[in-house]
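# Residue-level structure breakdown
Okay, here's what each chain looks like letter by letter:
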Amino acid sequence: MKVLLVEDHDGIAEAVDECLRASGAAYQLVVAQGAKEARQSFNSGLYDFVICDRKIPAEAGLLAAPDEAHGDAVIAELMEYYPGTPIIVLTAFRNMDFLQGLLDSARTGDAFAERVQRPLIRCFDKTRLPECLRDVGAMAAQVRILDDIEV
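What this report covers is the structure whose coordinates are included nearby. Position numbers for residues start from 1 in each chain and track the written sequence from start to end. With the structure being a predicted model, the display of local features is reserved for residues of pLDDT at least 70 and the display and counting of side-chain atom pairs for 80 or more, all residues being used for whole-chain, interface and lining totals. In computing side-chain properties, one takes all heavy atoms of the structure into account and sets aside hydrogens as well as water.

## Here's the deal with the overall build of the protein
Operational definition: Numbering of helices and strands runs from the N terminus, with a helix taken as a DSSP run of H or I at least four residues long and a strand as a DSSP run of E at least two residues long. In what follows, a contact means two residues having at least one pair of non-hydrogen atoms within 4.5 Å. We get accessible surface area from the Shrake-Rupley algorithm with a probe of 1.4 Å; when it comes to residues, only the shown protein chains can shield them.
For the protein, the count of helices and strands is five helices and seven strands. Starting at the N terminus and walking to the C terminus, you meet the elements of the protein as β-α-β-α-β-α-β-α-β-β-β-α. By sequence separation, contacts in the protein at least 24 residues apart represent 66% of the contacts at least 6 residues apart. When the accessible surface of the protein is totalled, it reaches about 8000 Å², and 54% of it is carbon and sulfur.

Put into structure tokens, the structure is as follows:
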């Protein structure tokens with residue numbers, strides 16, 4: 001399983017890594033700390049799913065403050081170029097109920113061959129990180145099932 005995490009806070013990256021490890025699946029977690037690194041990462045290979053913070057810097061290590069515009073641009077590009085890839089959006093903004101309703105109704109698919117249409121974009125406020133990690137664990141479990149199928 002290959003997962004892209006676009007996040008500039010090490011604590012979130014550690015929590016996602018721990019969650020994936022607990023799934024028991026073999027995985028590669030690619031962490032991009034800025035928009036430039038995210039684009040380089042998703043242009044260099046396919047991912048089973050992506051987790052993206054909205055407020056990230058343009059480039060890791062730059063002194064400029066993180067901005068929602070950078071994360072939103074990365075999310076828009078992922079949606080355009082990889083429309084079947086599930087995306088989890090992380091944010092610290094409180095307008096999540098409205099956004100979640102829009103996102104859940106807009107894009108669905110059967111990304112993990114379960115014969116069930118599910119939202120391909122989920123949004124989580126960072127205060128709901130445990131719930132987000134449960135979603136990550138559930139997706140990891142589905143990818144593990146697919147990876148275990150001999151072809």
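## Looking at the pattern of salt bridges
Threshold: Definition used for salt bridges: Asp or Glu carboxyl oxygen within 4 Å of a side-chain nitrogen of Lys or Arg. Relative accessibility decides the category of a residue: with a 1.4 Å probe and only protein chains considered, values under 20% of the type maximum give buried, values over 50% give exposed, and everything between is partly exposed.
Under the defined criterion, the tally for this structure stands at 10 salt bridges. Where E77 meets R39, a salt bridge forms, and the shortest distance between an N and an O atom there is 2.9 Å. With E77 in helix α3 (residues 68-81) and R39 in helix α2 (residues 35-43), this residue pair connects regions lying 38 residues apart in the sequence. On the basis of relative accessible area, E77 is assigned to the partly exposed category, the value being 21%. Relative accessible area serves as the criterion here: at 26%, R39 is assigned to the partly exposed category. Put simply, R118 and E114 hold a salt bridge, and the shortest N to O gap is 3.2 Å. Overall, R118 belongs to the partly exposed group, its relative accessible area being 41%. Residue classification places E114 among the partly exposed residues on the basis of a relative accessible area of 22%.

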